[in-house]
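Letter by letter, the chains look like this.
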Amino acid sequence: DQVAPDIGFVWICEIPEFTMNELQTAFKYMRNRKGADAAHVVVEMIKCTGRQFHVVLLGMYNQILRDGHMPLNWHCTLFTMLPRPGNFDDISNWRPIARLPILYKLFFRMVHQRLKNNLDQEQSDDQYGFTPKRQITDVFTILENVIGE
């Protein structure tokens, strides 16, 4: 695969390599029976390969951690339109989905798992959107209570 050009990124600290356990945990979060990426790869293909392939994959991911160079195809997103129930001639009955490379999604699932706890701890108490165990509708309840007082 081609590699994206160096943009002069400098690591501030040493990043520990990914482990096989982290890869296996990431597999658990990757849902089956989803669409293929642009290379026609589906999650099940990666999950069902043997340990030898997983070791090679882990090596590639750790190389990305070391040098910061991701494959060029990770910078491309394929959009596909999926139909909703109703008249297919009506444009509002179609919704776009992004088909990201499966290996990209798996890599960033592992990155997310590492950062998740730190990000949650550093999150402001005022943050409700996209926050675990909080909903944006909670803000409206708080607002109604404040206005009612």
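1. Observations regarding helix H3 (residues 51-67)
Here's step 1: With 17 residues, H3 should reach 24 Å at 1.5 Å per residue; the first-to-last C-alpha distance of 24 Å fits that figure.
Here's step 2: Taken as a whole, H3 has its buried residues at His54, Leu57, Leu58, Tyr61, Asn62, Ile64 and Leu65. The buried residues of H3 all sit within an arc of 150 degrees when viewed along its axis, so they share a single face. With respect to the buried face of H3, the exposed residues turned more than 90 degrees away are Gln52 and Val56.
Here's step 3: Buried residues along H3 sit in contact with helix H1 (20-29), helix H2 (43-47) and helix H4 (102-122).
Here's step 4: Where H3 terminates, the next one or two residues include Gly68, which has phi positive at roughly 75 degrees.

2. Looking at the pattern of salt bridges
Here's step 1: In total, this model carries 2 salt bridges according to the counting rule given.
Here's step 2: Across the pair Arg66 and Glu17 runs a salt bridge, and its minimum N-O distance is 2.4 Å. Within this pair, whereas Arg66 is found in helix H3, its partner Glu17 is found in the segment before H1, the two being separated by 49 residues in sequence.
Here's step 3: Among the residues examined, Glu17 registers a relative accessible area of 43% and is labelled partly exposed.
Here's step 4: Close ionic contact of Arg114 with Glu22 constitutes a salt bridge, the shortest N to O distance being 2.7 Å. Highlighted residues: Arg114 in helix H4 and Glu22 in helix H1, separated in sequence by 92 residues.
Here's step 5: Residue classification places Glu22 among the partly exposed positions, given a relative accessible area of 22%.

3. Points about the packing of H3 against H4
Here's step 1: Remark: H3 packs on H4, axes separated minimally by 11 Å, with the N-to-C direction vectors making an angle of 65 degrees. In this structure, the crossing between H3 and H4 has a hand that is right-handed. Two secondary-structure elements touch here, H3 through Leu57, Leu58, Met60, Tyr61, Ile64 and Leu65 and H4 through Leu103, Leu106, Phe107, Met110 and Arg114.
Here's step 2: For the contact of H3 with H4, the class distribution of residues is 10 nonpolar, no polar and 1 charged.

Basis of the calculations
Residues numbered from 1 in each chain as written. Predicted model: local features only at pLDDT ≥ 70, side-chain atom pairs only at ≥ 80, totals over all residues. Heavy atoms only, no water. Helix = DSSP H or I, 4+ residues; strand = E, 2+ residues; numbered from the N terminus. Expected span 1.5 Å × (residues − 1). Buried < 20%, exposed > 50% of the residue type's maximum accessible area, 1.4 Å probe, protein only. Arc of directions from axis to C-beta. Contact = heavy atoms within 4.5 Å. Salt bridge = Lys/Arg side-chain N within 4 Å of Asp/Glu carboxyl O. Axes fitted to C-alpha atoms, helices over the stretch in contact; angles between N-to-C directions. Left-handed = near helix turned anticlockwise from the far one by under 90°. Nonpolar A, V, L, I, M, F, W, Y, C, P; charged D, E, K, R; others polar.

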